[in-house]
Structure formats: structure tokens, C-alpha cells
Amino acid sequence: MSLDVPADLLERAEQGPVDDAEFVACVRTSLPYAYEVVSRVAGDLRSGTDEFADNRIAPPDETARGQLLRAMASDSIRGSLERHFGVKLAFQNCHRVAAFPLAAVGGETYSTFISTRAQLLNQNPELRNC
């Protein structure tokens, strides 16, 4: 299970749509490591001058790795985090999450980061089991 959904939120979801803020709060509580990584790279992007910001620190344990993989693999979780932080997320390997400005999507830097070549070049033996 990806998220620990509070009973009241589940009940509201059964009745109809829930807003992004409620969903993001559920993600933040359920997947704290993933939320922290995304929050950090989004903050680094806003405070820096680089074209993107990324995480190159491996998760501290398998629980954290699982959280990050679940967040990045779910369209709804990933999309809500992108809307919440106002960024486009990109993902390589088991921990390299990058935040790009929305305007960068389709541009050279973003396209290079998400390319098959970049994925291949970011492989190494330590990441084989991630």
C-alpha cells in the first residue's frame, strides 16, 4: 500500500473529488522521506541559479527507497507533488529526483536529463538492486 489514508479522507474520496492540499498532506504523512526529497530539490531549484536541482544522495534504507519509488511511480502522487511545488519532476535510478522549472519541459536540458542515453550513463554497479 502506498499511502496511509485517514478514514475521513477516504470517506470524502468515496463521495467525490478531494483537493490537492488534502492529498499532498496524506502523501507527506505517508511517504515522509519522498516528500522531503521533493521538497528539498524544489527549494534548491527556487533558491539557486542552475537550470535544475537534483538529489544524488542514496536513500538511507530500503523503507526510504520504497517511499521514493512509490511516489515517483504513481502518476497521481507525482502529479500532486509537481503541482504543490510548482515544478516538473524527473527521475533516474532509485534516488535521482530532479526538479525543473515548468518552462524547461521540452527544452534541451530537460530533454537530455530524461533521455535514454542519460539513463544509461547514470547506471553503476551500486544501483543495480535499487
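**Here we look at the overall build of the protein chain**
Reasoning step 1: Within the protein chain, the secondary structure is distributed over seven helices and three strands.
Reasoning step 2: Across the protein chain, helices and strands are ordered from the amino to the carboxyl terminus as α-α-α-β-α-α-β-β-α-α.
Reasoning step 3: Taking 2.2 N^0.38 as the reference for a compact globule, 130 residues should give roughly 14 Å; the C-alpha atoms of the protein chain span a radius of gyration of 15 Å, in line with that estimate.
Reasoning step 4: Taken along the three principal axes of its C-alpha coordinates, the protein chain extends 45 × 35 × 25 Å.
Reasoning step 5: Sorting the 130 residues of the protein chain into buried and exposed places 39% on the buried side.

**Thoughts on the nonpolar core**
Reasoning step 1: Counting residues in each nonpolar core, the largest one holds 27 residues, and the members touching the most others are I77, L81, L89 and V97.
Reasoning step 2: Elements represented by at least two residues in this core include exactly α2 (20-30), α3 (32-47), α4 (62-73), α5 (75-85), β2 (87-92) and β3 (96-101).
Reasoning step 3: For this core, the leading source of residues is α3, giving eight residues.
Reasoning step 4: If we ignore the near neighbours within four places in the chain, the residues touching L89 are V38, M72, R78, L81, E82, V97, A98 and A99.

**Re the sheet that holds strand β1 (residues 53-54)**
Reasoning step 1: Ordered in space as β1-β3-β2, the three strands form an open sheet in which the pairing is antiparallel. Edge positions in the sheet fall to β1 and β2, since each of these pairs with one other strand and no more.
Reasoning step 2: Direction of pairing for β2 relative to β3: antiparallel, over a ladder of six bridges. Within β3, the residue paired with K88 across the bridge is F100.
Reasoning step 3: Running over the sheet, α4 touches β2 and β3 and is turned about 125° from β2.

Criteria and cut-off values
- Residues numbered from 1 in each chain as written.
- Predicted model: local features only at pLDDT ≥ 70, side-chain atom pairs only at ≥ 80, totals over all residues.
- Heavy atoms only, no water.
- Helix = DSSP H or I, 4+ residues; strand = E, 2+ residues; numbered from the N terminus.
- Rg over C-alpha atoms; globule rule 2.2 N^0.38 Å.
- Buried < 20%, exposed > 50% of the residue type's maximum accessible area, 1.4 Å probe, protein only.
- Core = buried A, V, L, I, M, F, W, Y, C linked by side-chain atoms within 4.5 Å.
- Contact = heavy atoms within 4.5 Å.
- Pairing = 2+ DSSP bridges.
- Axes fitted to C-alpha atoms, helices over the stretch in contact; angles between N-to-C directions.

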